[in-house]
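Now for the letters of each chain:
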Amino acid sequence: MEDIPKEVLIDCAHLVKANSIQGCKTNNVSIVYTSWANLKKTAEMDVGQIGFHNQKDVKSVTVEKRVNEILNRLEKTKVERFPDLAAEKESRDREERNEKKAQIQEMKRKEKEEVKKKKEMEELRSYSSLMKAENMSSNQDGNDSDDFM
């Protein structure tokens, strides 16, 4: 909240004053702002009524009177869009599902690699590769040489 530039805050306050039914008719309007996480809405509150979790996080700006230069400058940059929210939500959900699938596939691939490495390590530690019939010889084959000394 403290990182908001003063010029942006003033512009926003003027927009709020200009778009308010009662505020646009009066001078010295106090604009109250806070982070969205600080807003408190309960079931017994009226429509449009809100409260705050922490009153210390609530900031206020006073707009003395209407400044047409600011409003005209902001009105020139105004862009109105009429998006298809259902389609945007569906595309976002599809992207999230694809990301989850990719993550699951990556996890499965890593698990397969770990299992493969584990098997290779067990084969290296075991004597099964040494105990093959092709590698073995017996004394009946004529390999009874005792001149090892």
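None of these values were measured; they are calculated from a predicted model.

Student: Could you give an account of the overall build of the protein chain, with specific residues and numbers?
Tutor: Helix and strand counts for the protein chain come out as three helices and four strands. Moving toward the C terminus, one meets the helices and strands of the protein chain in the order α-β-β-β-β-α-α. Carbon and sulfur atoms make up 52% of the accessible area of the protein chain, which totals about 13,900 Å².

Student: Quick rundown of the pattern of salt bridges? Include the residues and the values.
Tutor: Counted by the stated rule, this structure contains nine salt bridges. Between Glu2 and Lys59 there is a salt bridge; the shortest N-O distance is 3.4 Å. Taken as a pair, Glu2 in the segment before helix 1 (6-19) and Lys59 in strand 4 (residues 59-63) lie far apart in primary sequence, 57 residues in all. Relative accessible area serves as the criterion here: at 63%, Glu2 is assigned to the exposed category. Relative accessible area serves as the criterion here: at 27%, Lys59 is assigned to the partly exposed category. Two residues, Arg73 and Asp11, come together in a salt bridge whose shortest N-O distance is 3.0 Å. Note that Arg73 is positioned in helix 2 (residues 68-76) and Asp11 in helix 1, a separation of 62 residues in sequence.

Student: How would you summarise a nonpolar patch on the surface if you had to cite specific residues and measurements?
Tutor: On the surface, a cluster of nonpolar side chains totalling about 490 Å² of accessible area is made up of Tyr127, Leu130, Met131 and Met136. In this fold, Met131 is placed in the segment after helix 3 (85-125). Looking at Met131, the relative accessible area reads 58%, which means it is exposed.

Student: Report on the packing of helix 1 against helix 2, specifying residues and quantitative values.
Tutor: Across the interface, helix 1 lies against helix 2 with an axial gap of 10 Å and an inter-helix angle of 90 degrees. When the axes of helix 1 and helix 2 are compared, the pair comes out roughly perpendicular. Between helix 1, through Ile10, Asp11, His14, Leu15 and Ala18, and helix 2, the contact on the second element is made entirely by Ile70, Leu71, Arg73 and Leu74. Split by residue class, the contact of helix 1 with helix 2 holds six nonpolar, one polar and two charged.

Student: If you had to explain unusual backbone geometry to someone new, which residues and values would you point to?
Tutor: Keep in mind that most residues, glycine aside, have a negative phi and that most peptide bonds are trans. Positioned with a positive phi, Asn28 is a non-glycine residue whose angle comes to about 55 degrees. Within the fold, Asn28 resides in the loop between helix 1 and strand 1 (29-33).

Calculation notes
Residues numbered from 1 in each chain as written. Predicted model: local features only at pLDDT ≥ 70, side-chain atom pairs only at ≥ 80, totals over all residues. Heavy atoms only, no water. Helix = DSSP H or I, 4+ residues; strand = E, 2+ residues; numbered from the N terminus. Areas by Shrake-Rupley, 256 points an atom, 1.4 Å probe, with all protein chains shown as cover. Salt bridge = Lys/Arg side-chain N within 4 Å of Asp/Glu carboxyl O. Buried < 20%, exposed > 50% of the residue type's maximum accessible area, 1.4 Å probe, protein only. Patch = residues over 30% accessible without salt bridge, like charges linked within 9 Å, V, L, I, M, F, W, Y side chains within 5 Å. Axes fitted to C-alpha atoms, helices over the stretch in contact; angles between N-to-C directions. Parallel < 35°, antiparallel > 145°, perpendicular 65-115°, else oblique. Contact = heavy atoms within 4.5 Å. Nonpolar A, V, L, I, M, F, W, Y, C, P; charged D, E, K, R; others polar.

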